[in-house]
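Topology and contacts: notes
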Amino acid sequence: MEPKHAVLQKVRNGKRTYGVTPHIPGGFITSKQLIKIAEVAQKYKGILKMTSGQRIAILGLDADDVSKVWEELGMEPAVKSLNSVKNVHMCPAAFCKRAKQNSLQIGMILDKRYHGMQMPCRTKIGVAGCKNACTSVYSRDLGVIGHIDGYMIVAGGSGGFTPRVADIIADNLTQDQVFTLVDNLMEYYKANGNMGEKLGDFILRIGLVKFKTDILLTCNI
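Keep in mind that what you see is a predicted model, and the values were worked out from it rather than measured.

On to the pattern of salt bridges, then. Within the structure shown, the criterion is met by ten salt bridges. When the shortest N-O distance is used, the salt bridge between aspartate 167 and arginine 164 registers 2.7 Å. The pair aspartate 167 / arginine 164 is uniform in exposure class, with both members buried.

This brings us to the packing of helix 1 (residues 31–43) against helix 2 (residues 63–73). At their nearest, the axes of helix 1 and helix 2 sit 10 Å apart, and the two run at 155° to each other. Judged by the angle between their axes, helix 1 and helix 2 are roughly antiparallel. You can see that helix 1 and helix 2 cross each other, and the crossing is right-handed. Residues Lys36, Ile37, Val40 and Lys43 of helix 1 lie in contact with helix 2, whose contacting residues are Val69, Glu72 and Leu73. Looking at side-chain class alone, the contact of helix 1 with helix 2 contains four nonpolar, no polar and three charged residues.

Buried within helix 2 are the following residues: Asp65, Val66, Val69, Trp70 and Leu73. Projected down its long axis, helix 2 carries its buried residues within an arc of 140°, all on one side. Turned more than 90 degrees away from the buried face of helix 2, the exposed residues are Asp64, Ser67 and Glu71. Residues of helix 2 that are buried sit in contact with strand 2 (15–20), helix 1 and strand 4 (56–62). Positive phi shows up at glycine 74, right after helix 2, with a value of about 65°.

Across all of its chains, the model carries zero disulfides by this definition. In this structure cysteine 91 is not part of a disulfide, and its nearest cysteine sulfur, from cysteine 134, lies 4.7 Å away.

So, about the sheet that holds strand 9 (residues 167–173). One open sheet accounts for five strands, arranged 5-6-7-8-9; its pairing is mixed. This sheet does not close on itself; its edge strands, each paired only once, are strand 5 (85–90) and strand 9. Between one strand axis and the next, the sheet turns through 15° on average, direction left out of account. Bridge analysis of strand 8 (residues 150–155) against strand 9 gives four bridges, and the strand direction is antiparallel. Across the sheet, the residue bridging to valine 154 is isoleucine 168, located in strand 9. Seen against the sheet, helix 3 (residues 103–114) touches strand 5, strand 6 (123–128), strand 7 (142–147) and strand 8 and runs at an angle of roughly 170° to strand 5.

Let's shift gears to the environment of methionine 50. When you line up the elements, methionine 50 lands in strand 3 (residues 47–50). In this structure methionine 50 comes out as exposed when scored by relative accessible area, which is 60%. As for methionine 50 and threonine 21, which are separated by 29 residues in sequence, their C-alpha atoms are 9.9 Å apart. Leaving out residues up to four positions away in the same chain, methionine 50 has contacts with Arg55 and Ile56.

A few words now on the side chain of lysine 198. Turning to its location among the elements, lysine 198 is positioned in the loop between helix 4 (175–192) and helix 5 (199–206). Since its relative accessible area comes to 14%, lysine 198 is described here as buried. Excluding its chain neighbours within four sequence positions, the residues that come into contact with lysine 198 are Cys121, Arg122, Asp141, Ser158 and Tyr189.

Rules behind the numbers
- Residues numbered from 1 in each chain as written.
- Predicted model: local features only at pLDDT ≥ 70, side-chain atom pairs only at ≥ 80, totals over all residues.
- Heavy atoms only, no water.
- Salt bridge = Lys/Arg side-chain N within 4 Å of Asp/Glu carboxyl O.
- Buried < 20%, exposed > 50% of the residue type's maximum accessible area, 1.4 Å probe, protein only.
- Axes fitted to C-alpha atoms, helices over the stretch in contact; angles between N-to-C directions.
- Helix = DSSP H or I, 4+ residues; strand = E, 2+ residues; numbered from the N terminus.
- Parallel < 35°, antiparallel > 145°, perpendicular 65-115°, else oblique.
- Left-handed = near helix turned anticlockwise from the far one by under 90°.
- Contact = heavy atoms within 4.5 Å.
- Nonpolar A, V, L, I, M, F, W, Y, C, P; charged D, E, K, R; others polar.
- Arc of directions from axis to C-beta.
- Disulfide = S-S within 2.5 Å.
- Pairing = 2+ DSSP bridges.

By themselves these figures say nothing about function.
Structure representation (structure tokens):
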């Protein structure tokens, strides 16, 4: 039986090793948490890896040690299940001279609302404080981009084997309108998307016009 909340990393000479990744919203971590991760990794002879998802993974763990590692870390797993919201990738807007909006606040709220939520397919969210979109927002399933006049919502982006640039759903939104629209979008996708169907594929299947019309219908935008 595979250990819970762990990913198989290697099978070498019959020995299986695993990696675990704690949830670190936006990549912001306290010094106490950082020390704890380092201590646990050292105790169980793990290797630390900075990931592209603003996290710290502990690799090279024995299967029998995984549950002990999670217990000692006292942190939530970054990925709770396959078809879920995996992370909200955020730029450090509050600490960046280029930011036009403090999108970090929106990112943290979205993370609390949606991280780990069951979806038709794995879902990634990107948030950026300016149109440089340094968190690869246009290749995320859902994106929020801040600019001088408010926020833009994009959806349906994807990387990997079938790259797709996200479509613009709405622009010049207030912060409250962002939350209303994102709530509508996520519930609509959950209710109508097929199991295993990425958000971008869902939009292609039903058509962008219908998707936008249905999403915006009850938003008063």
